[in-house]
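Summary of structural features
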Amino acid sequence: MGCWSCQAETHAAALCPGCGAVQPLVPGKSFFDVLGLAAVHALDPKALDARYRELSLKLHPDRVGPSDARARRHAVEQTALLNDAYRTLKDPAVRAFYLLKLQGVDLLQDSGGHHPGLPLEFLEEMMEAREGLDAVKRRRDVAAAQAMGAKVDARRRAGLDTAVAALEAKDTQAATRALLQVRYFQRFLEEVAAIEEEAL
Amino acid sequence: MALLQIHDPLKPKGHAVGIDLGTTHSLVASVFHGKPRCLEADVDHALLLPSVVHYAKDGSVVVGNRARALAAQHPTDTIVSVKRFMGKSLGDAETRKLGAYRFSGEAGLVRFEVAGGQPVTPIEVSAEILRALKRRAEAHFNGKVEQAVITVPAYFDDAQRQATRDAGRVAGLEVLRLLNEPTAAALAYGLDKGSQGTFAVYDLGGGTFDISILELVDGVFQVKSTGGDSALGGDDFDRALAGKVMETWGLLSPDAAGVQALLFEARRVKEALTDEPSVTFSALGRTLQVTRAEFESCIAPYVARTGTVCRRALRDAQVEAGALDGVILVGGSTRVPAVRAFVQELFGREPLGDIDPDQVVALGAAVQADLLTNDARQDEVLLLDVIPLSLGLETMGGVVEKVIPRNSTLPISRAQVFTTFQEGQNAMDIHVLQGERELVEDCRSLARFRLSGIPQLPPGAARVEVTFAVDADGILKVKAREQSTGVEQAVTVKPSHGLTDEEIETMLLDAIEHAEDDISARQLREQRVEATRVLHDARKQLVDNGDLLTAAEAEALKAACSVVEEAARGKDHLAIQAALKDLDAAGRPFAERIMDRSMGRALAGHRVEEF
């Protein structure tokens, strides 16, 4: 592929290696590709931040001269993709969901509904926990909500660890099951956060 | 100073400035030799231009301190704190409480009825302030100023941002960027100090409160989170104090002028209490001693409200208060000692205040304007701003599905796939909303459009991809695309601040005229009056003395009248003047004959001897 500005071969890079011009988006790149990182769950958050800043400094539309409309347009597209990639990979849970998507199961888009594969006992247990939380919410008992949240958060972490191990072993089914549970825990924690918010 | 200037055809734009368009006052700043500096903004050489616009009976407009002086006598013709009305409609619960103004007719759109002409919108009032700043800056540079970075509170929604942008256009400014105020403040500090770390910016202005958590590392300024309250500020302190005084004096409902006088005095007392423990409140012929402690108890609930917003912002940024490297104070209201003490308590450290909290936002805006227009500064700090409120779509049951969460870094583009839910459904209504709440009625509606031509598939089979793209200014574009057919619809979200594009266009034209010269506006008015008078006379004479003219002469005269009439409808005073001159020439023989006839009539019946 040739650079739109100097015709040099760009090898699908975001920046032309010849003249440094920001290139149009190339479809099919994963968020890991965008940030130049290996597609694994274990990554150093500091390195991710540094990489993001380094790329922002090169790709952001504010870095393109005010007079070059085409370069600016590409810069907006590239930076939007970079921001999305960074936001997705920065959070360990979202990163796991994204890795699962790369393995073919998209739970990021899927906003709910019943999923086969979750044991009935788990669903019943979550239902009970929810009811318990609703009662606490009615009493405006923030401390009790936080205590329940702490327990669920521990299970969320454990579920995430299970999911990450399954993702590495390419056991997509086990990873899906674990992440579905993680999602239930997350929703529970959002509810706890909302109760805390009201008490701020 | 360079003697030769190299002409750059791509940059005929003159100087770029940073403008802090504030609730109580506004400032303009620019960068000189790498340093930002505020320019004189009012005619009395002050750097702060009170954001007050007075409309006089003769149609003239006064901005700034002179306007503020007129507020007490002409409360409804003098608009103060117009920023609070930006992007709001009369339907918004708070709007009518904001001042003793006369709002014109129809619901929805805010229009102030003022002396000297048509009702004006908040956009036009703000444009008067911007125009005044532009003129002052042009006087300073002795050259054109056509580009500006204008600051807005981080918590401004899309409608408020769009209204601000439109005000800039109406004032004849190309708005390079709408910059969040706290970000601007941090920019002013960051560049001065070259510091690294995580900072909180606590910005309590006249009418708005903002908090931002920012991180500055390796030349990248990253906004981690923002929060705020677009209806909380120093004006509330004034109102609280005035309210307490009214209560003490047993005043139930003073008239508009009385309220203005009380608020004006409350403001003075508030400022004086910064340095003195006790001040005499004196208004409406009465006095009352107010201690600092009394004042502080009046404002305590407002100060406490800022704490809630700060805690939420810290949580969003996942930063502990103790982990901050500094707290920056912005806004005149942070001069109030109780506010400083509260901030110190909240963040556990003494806040930074070595840049004037009134100027710091304008200085940061000037820095950003310089960065955006000056190719030579590419290697300097980069600002990564965030979107302040979540954006989403209405789905089944009036529930909002968030597509872009708040505090996402800009620019950003996100796509989400939706499907149909009815048998035979061949169109989909896309309803774009802004806000954090789950239900449609609790969020702000930004736009609605319909994607039609979806193939009639069983429910759940069609796949409509909706893409939200927000540019670096926080302005949103939405695109919906059915994936099997490629049917597509897109809108740039034009938030409903109530003005159509044509209205903006008309204001723009008016603005250009204004910008040309106020004298020419006055001349236009004068020529129009003259045209009306002359036309009236000429037509009267045609009726009374038309028989003195041949048919051809009468036609020529009527034609000349039409030309004048036409010109008077236009905006070019020189054209009216020229048409009047032609009419005068065409009518001269007629006038002579009329004169002769009236002389004849006057003479008839008199004897020559009498003369």
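Refer to the structure presented above.
Along every chain, residues carry numbers that run from 1 in the direction the sequence is written. The order in which chains are written sets their letters, starting at A; the order in which ligands are written sets their numbers, starting at 1. Since the coordinates come from a predicted model, pLDDT governs what is reported: local features require at least 70, and pairs of side-chain atoms require 80 or more to be given and counted, while whole-chain, interface and lining totals use all residues.

Bringing the overall build of chain A into the picture now. Counting from the N terminus, the helices are DSSP H or I runs at least four residues long and the strands are E runs at least two residues long. Scanning chain A from N- to C-terminus turns up seven helices and zero strands. In chain A, the succession of α and β elements from N to C terminus is α-α-α-α-α-α-α. As defined in this context, the radius of gyration uses C-alpha atoms, and a globule is described by 2.2 Å times the residue total to the power 0.38. At 21 Å, chain A has a C-alpha radius of gyration far larger than the 16 Å of a compact globule built from 200 residues. Its C-alpha atoms give chain A principal-axis dimensions of about 65 × 40 × 30 Å. With 200 residues in all, chain A has 28% of them scored as buried. Remark: C-beta atoms are placed from the backbone, and a residue is labelled buried if 20 or more other C-beta atoms sit within 10 Å of its own, exposed if 12 or fewer do, or partly exposed between those counts.

What follows deals with the overall build of chain B. For chain B, the count of helices and strands is 13 helices and 24 strands. Counting every position in chain B, which comprises 611 residues, the buried fraction comes to 44%. When contacts within chain B are restricted to residue pairs at least 6 apart in sequence, those whose partners lie at least 24 apart make up 66%. Contact between two residues is assigned when their C-beta atoms, built from the backbone, lie within 7 Å.

Residue and element names in this part refer to chain A. Fitted lines through C-alpha atoms give the axes, limited to the stretch in contact for helices. The angle between two N-to-C directions lies from 0 to 180 degrees. The contact between helix H4 (residues 92-102) and helix H7 (residues 172-199) brings their axes to 11 Å, and the two run at 145°. As for how H4 packs across H7, the hand of that crossing is left-handed. Every residue of H7 that contacts H4 at Ala93, Ala96, Phe97 and Leu100 is listed here: Ala175, Thr176, Leu179 and Val182. In terms of residue class, the contact of H4 with H7 is built from seven nonpolar, one polar and no charged. In this scheme, a crossing is called left-handed if the near helix is turned counterclockwise away from the far one by less than a right angle; it is called right-handed if the turn is clockwise. Think of it as three bins: nonpolar holds Ala, Val, Leu, Ile, Met, Phe, Trp, Tyr, Cys and Pro, charged holds Asp, Glu, Lys and Arg, and polar takes everything else, Gly as well.

Here the focus is the interface of chain A and chain B. Where the parts come together, the accessible area they lose is often given as the size of the interface. Each partner contributes residues to the interface: chain A has 20 residues there, and chain B has 28 residues. Going through the elements one at a time, helix H2 (45-59) and helix H3 (69-90) of chain A are the ones with two or more residues in the side of chain A that touches chain B. With six residues, the single largest contributor to the side of chain A that touches chain B is H3 of chain A. Of the residues belonging to the side of chain A that touches chain B, the class tally is six nonpolar, eight polar and six charged.

This part covers the sheet that holds strand S12 (residues 220-229) of chain B. Residue and element names in this part refer to chain B. By the convention used here, strands pair only if DSSP detects at least 2 bridges between them. Taken together, five strands build an open sheet; the order of strands is S15-S10-S11-S12-S16 and the sheet is mixed. Of all the strands in the sheet, just strand S15 (326-330) and strand S16 (382-384) have a single pairing partner and so form its edges. Within this sheet the neighbouring strands show an average axis-to-axis angle of 25°, counted without direction. Bridge analysis of strand S11 (residues 209-217) against S12 gives nine bridges, and the strand direction is antiparallel. Residue pairing across strands places isoleucine 211 opposite glycine 227, the latter belonging to S12.

This next bit is on the environment of isoleucine 129 of chain B. All names here are of chain B. With respect to the helices and strands, isoleucine 129 occurs in helix H2 (residues 122-141). Residues isoleucine 129 and valine 52, spaced 77 residues apart in sequence, show a C-alpha to C-alpha distance of 7.7 Å. Leave out the neighbours within four places in its chain, and isoleucine 129 touches Leu21, Ser26, Leu49, Ser51, Val53 and Val63.

Attention now moves to helix H8 (residues 337-347) of chain B. Residues and elements named next belong to chain B. Buried within H8 are the following residues: Val339, Phe342, Val343 and Leu346. Looking straight down H8, one finds that the buried residues subtend no more than 100° of arc, so they occupy a single side. Exposed and facing more than 90 degrees away from the buried side of H8 are Ala341 and Glu345. Considering only its buried residues, H8 is in contact with strand S10 (197-204), helix H7 (292-317) and S15. A positive backbone phi angle near 70° is found at glycine 348, which sits one or two residues after H8. Here, the arc refers to the directions that run from the helix axis to the C-beta atoms.

Read from one edge to the other, the open sheet built from four strands follows the order S19-S22-S23-S24 (chain B), with strand pairing classed as antiparallel. The open sheet has two free edges, formed respectively by strand S19 (412-418) and strand S24 (488-492) of chain B, since each of these has just one partner strand. The average angle at which neighbouring strand axes cross in this sheet is 15°, direction not considered. Bridging between S19 of chain B and strand S22 (residues 464-470) of chain B involves seven bridges; their strand directions are antiparallel. Pairing of glutamine 416 of chain B across the sheet is with valine 466 of chain B, part of S22 of chain B. Packed onto the sheet, H3 of chain A meets S19 and S22 of chain B and runs at close to 70° relative to S19 of chain B.

A word on H3 of chain A. Multiply 1.5 Å by the residue count of a helix minus one, and that product is the helix's expected span. Taking 1.5 Å as the rise per residue, H3 of chain A with 22 residues should run 32 Å; its terminal C-alpha atoms sit 31 Å apart, in good agreement. Three or more residues of H3 of chain A are buried, namely His74, Ala75, Val76, Glu77, Gln78, Thr79, Ala80, Leu82, Asn83, Ala85, Tyr86 and Leu89 of chain A. On its buried side, H3 of chain A packs onto helix H1 (31-35), H2 and H4 of chain A together with S19 and S22 of chain B.

Time to look at unusual backbone geometry. Here the bond from leucine 410 of chain B into proline 411 of chain B is cis, since omega is -10°, no more than 30 degrees from zero. Checked against the element boundaries, proline 411 of chain B lands in the loop between strand S18 (399-404) and S19. Its identity as a non-glycine residue notwithstanding, histidine 11 of chain A has a phi of 50°, on the positive side. Tracing the backbone through its elements, the reader meets histidine 11 of chain A in the segment before H1.

Let us now look at the environment of lysine 224 of chain B. All names here are of chain B. When you line up the elements, lysine 224 lands in strand S12. Residue classification places lysine 224 among the buried residues on the basis of 21 C-beta atoms within 10 Å. For lysine 224 and leucine 371, which are 147 residues apart along the polypeptide, the C-alpha to C-alpha distance reads 21 Å. Residues within four places of lysine 224 in sequence aside, it is in contact with Ile213, Leu214, Glu215, Ala317 and Val319.

Turning our attention to the pairing of strand S5 (residues 52-55) of chain B. Side-chain positions along a regular strand alternate between the two faces of the sheet. Residue and element names in this part refer to chain B. Side chains Val52 and His54 project from S5 onto one buried face, and the interleaved Val53 and Tyr55 project onto a second face that is buried too. In this structure, S5 lies alongside strand S7 (residues 78-80), joined through three bridges in antiparallel fashion. Bridge assignment links histidine 54 to a residue of S7, and that residue is threonine 78. Counted along the chain from S5 to the antiparallel partner strand S6 (residues 61-63), the turn is five residues long, and its residue glycine 59 has a positive phi close to 90°.

Here we take up the environment of glycine 322 of chain B. Along the chain, glycine 322 of chain B turns up in the loop between H7 and S15. Here glycine 322 of chain B falls in the exposed class, since 8 other C-beta atoms lie within 10 Å of it.

With that settled, consider the packing of helix H5 (residues 120-138) of chain A against H7 of chain A. Residue and element names in this part refer to chain A. As a packed pair, H5 and H7 sit with axes 11 Å apart at the nearest point and diverge in direction by 0°. On the basis of their axis angle, the class for H5 and H7 is roughly parallel. Two secondary-structure elements touch here, H5 through Phe122, Met126, Ala129, Arg130, Leu133 and Lys137 and H7 through Gln181, Tyr184, Phe188, Glu191 and Ile195. Here the residues of the contact of H5 with H7 are counted per class, giving seven nonpolar, one polar and three charged. In what follows, roughly perpendicular refers to angles from 65 to 115 degrees, roughly parallel to angles under 35, roughly antiparallel to angles over 145, and oblique to any angle outside these ranges.

Next up on the list: the pairing of strand S17 (residues 391-395) of chain B. Residue and element names in this part refer to chain B. In the sheet, S17 pairs with S18 via five bridges, with the strands oriented antiparallel. Residue pairing in the sheet places glycine 392 in a bridge with lysine 402 of S18. Adjacent in sequence and paired antiparallel, S17 and S18 are bridged by three residues, among which glycine 397 carries a positive phi angle near 75°.

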